[in-house]
Amino acid sequence: MTDSGATLAEGDFSGLSAYERAGLEGKDPRCIPIKIDAPLPVGEAIVAPEYSKAEHEIWAFLYKRQCEILPGRACRAYMQGLEALQLPSDRIPALSELSLTLEKATHWRVARTPGLLHEQDFFEALANRLFPSTDYIREQHELDYTPAPDLFHDVFGHMPMITEPDFADFYQRYGQASLRATGANRRKLESFHWFTVEFGLVQEDGEPRIYGNGIVSSYQETFHALGHEVEVRPFDPEAMGAQSYEVWHLQPILYVVDSFEALKQGFEDWAGGQLGLL
Ligand SMILES: [Fe+2]
């Protein structure tokens, strides 16, 4: 909510999201949410930009590097989703084509966003099974980590999991609940999103595996998330909703869920029951 931030006293960031606080603290402007005033182009209406050779090369580098380290670390659903998307290894894919794949898999579609969306617009899109994706790629000096969304994060990180039916349903329900949430509940849902969609782990064959897109799209986080420095806690929506985090460093605490069915059901029970949002 960049518009509301201007009315706050200096240093009073209570009630703002981590991204909003970052924006007000003068950090990367790509982290400042955008309020859209016209519908985003969706599916076949998305026109792909002309990418430079250097931009395609950044994609190729990131794609190769992650594909080498994800097998055995990322969960099966993510790896199957990656396979289903048939991402090219040497060039940036077109969002319009990815939208068709998601539509066939789980009736989601892709909307092209000019940047990080204002949360109301973001939730509205999710509630309508629309995934807002950027179409620009990070710069050469940001290969290891970028706190702002770019298409590698959105496409390679987010889209594979949206092909998983329970995750896809959960994500829509998340959008619906968030649209109804205000105040403290909104903040709880934002933290829950961080510890699931962005940085979630799932138990598989007795071991935690990665599904959070902030991890699968980051070289450092992929190693860090399954290493000894991270405190892995059991899935607990209320605790996750209350847990603080910040977007600029490797994550010290992660939560592991038993399955995507458990994620969907656990969210329904929490957001629909305790929070009264569904
Ligand atoms: Fe993300």
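Sequence order as written defines the numbering, with residues in each chain counted from 1. Reporting in this predicted model follows two pLDDT cut-offs: at least 70 for local features of residues, and 80 or more for side-chain atom pairs to be given and counted; totals over whole chains, interfaces and linings ignore these cut-offs and use all residues.

A few points about the packing of helix α6 (residues 119-127) against helix α8 (residues 165-180)
Then step 1. To obtain each axis, a line is fitted to C-alpha atoms, and for helices this fit is confined to the stretch in contact; angles are then taken between N-to-C directions over 0 to 180 degrees. For the purposes of this entry, the term helix denotes a DSSP run of H or I that reaches at least four residues, the term strand denotes a run of E that reaches at least two, and both are numbered from the N terminus. It is at 7 Å that the axes of α6 and α8 come closest, and there the two elements cross at 135 degrees. Looking at the two axes, α6 sits oblique to α8. Judged by the twist between their axes, the crossing of α6 over α8 is left-handed. From α6, Phe123, Glu124, Leu126 and Ala127 reach across to α8, where they touch Tyr171, Gln172, Tyr174, Gly175, Gln176, Ser178 and Leu179.
Then step 2. Only Asp, Glu, Lys and Arg are considered charged, only Ala, Val, Leu, Ile, Met, Phe, Trp, Tyr, Cys and Pro nonpolar, and every remaining residue, Gly among them, polar. Class assignment for the residues of the contact of α6 with α8 results in six nonpolar, four polar and one charged. Any angle between 65 and 115 degrees counts as roughly perpendicular, while under 35 counts as roughly parallel, over 145 as roughly antiparallel, and the rest as oblique. Left-handed describes a crossing whose near helix is turned anticlockwise from the far helix by less than a right angle; the clockwise case is right-handed. By the criterion used throughout, residues are in contact when their C-beta atoms, derived from the backbone, lie within 7 Å.

Concerning the confidence of the model for the protein chain
Then step 1. For every residue, the pLDDT score states the predictor's confidence, bounded by 0 at the bottom and 100 at the top. Of the residues in the protein chain, 90% reach a pLDDT of 70 or more, and the chain-wide mean stands at 90.
Then step 2. Counting contacts from residues 1-13, a segment whose pLDDT is below 50, to residues more than four positions away or on other chains yields 12 contacts.

Considering helix α3 (residues 53-69)
Then step 1. Take the residue count of a helix, subtract one, and multiply by 1.5 Å to get its expected span. With 17 residues, α3 should reach 24 Å at 1.5 Å per residue; the first-to-last C-alpha distance of 25 Å fits that figure.
Then step 2. Of the positions making up α3, those classed as buried are Ile58, Trp59, Leu62, Tyr63 and Gln66. All buried residues of α3 fall inside an arc of 125 degrees around its axis, so they share one side. Opposite the buried face of α3, by more than 90 degrees, sit the exposed residues Lys53, Ala54, Lys64 and Glu68.
Then step 3. Buried residues along α3 sit against α7 (151-162), α10 (213-216) and α11 (219-225). Partly exposed residues are those whose C-beta has more than 12 but fewer than 20 other C-beta atoms within 10 Å; with 20 or more the residue is buried, with 12 or fewer it is exposed, and the C-beta atoms are placed from the backbone. The directions considered for the arc are those from the helix axis to the C-beta atoms.

Digging into the pairing of strand β4 (residues 207-210)
Then step 1. When DSSP finds two or more bridges between a pair of strands, those strands are recorded as paired. Sheet topology note: the strand β3 (residues 201-204)/β4 ladder contains four bridges and is antiparallel. Its bridge partner being in β4, Leu201 is matched across the sheet by Ile210.
Then step 2. Taking the residues that link successive antiparallel strands as the turn, the β3-β4 hairpin has two residues, and the phi of Asp205 there is positive, at about 50 degrees.

Comments concerning the pairing of strand β1 (residues 109-112)
Then step 1. Neither face of β1 is left uncovered, since the one carrying Arg109 and Ala111 and the one carrying Val110 and Arg112 both have all their residues buried.
Then step 2. Relative to strand β2 (residues 130-133), β1 runs parallel, the two sharing four bridges. Residue Ala111 lies in a different strand from β2, and its bridge partner there is Pro132.
Then step 3. Read as a crossover between parallel neighbours, the route from β1 over α6 to β2 is right-handed. Here a crossover is taken to be right-handed if, once the strands point away from the viewer, the path from the first strand over the helix to the second is traced clockwise.

Examining the environment of Glu55
Then step 1. Structurally, Glu55 can be placed in helix α3.
Then step 2. By the C-beta count within 10 Å, which is 19 here, Glu55 ends up partly exposed.
Then step 3. In this structure the C-alpha to C-alpha distance between Glu55 and Glu139, which are 84 residues apart in sequence, comes to 8.0 Å.
Then step 4. The residues touching Glu55, leaving out its near neighbours within four places in the chain, are Ile92 and Ile137.

What about unusual backbone geometry?
Then step 1. Look at Arg129: it is not a glycine, yet its phi comes out positive at around 55 degrees.
Then step 2. Tracing the backbone shows Arg129 in the loop between α6 and β2.
Then step 3. On the basis of neighbour count, Arg129 is assigned to the partly exposed category, with 18 C-beta atoms found within 10 Å.
Then step 4. Within the chain, Asp205 stands out as a residue other than glycine whose phi angle is a positive 50 degrees.

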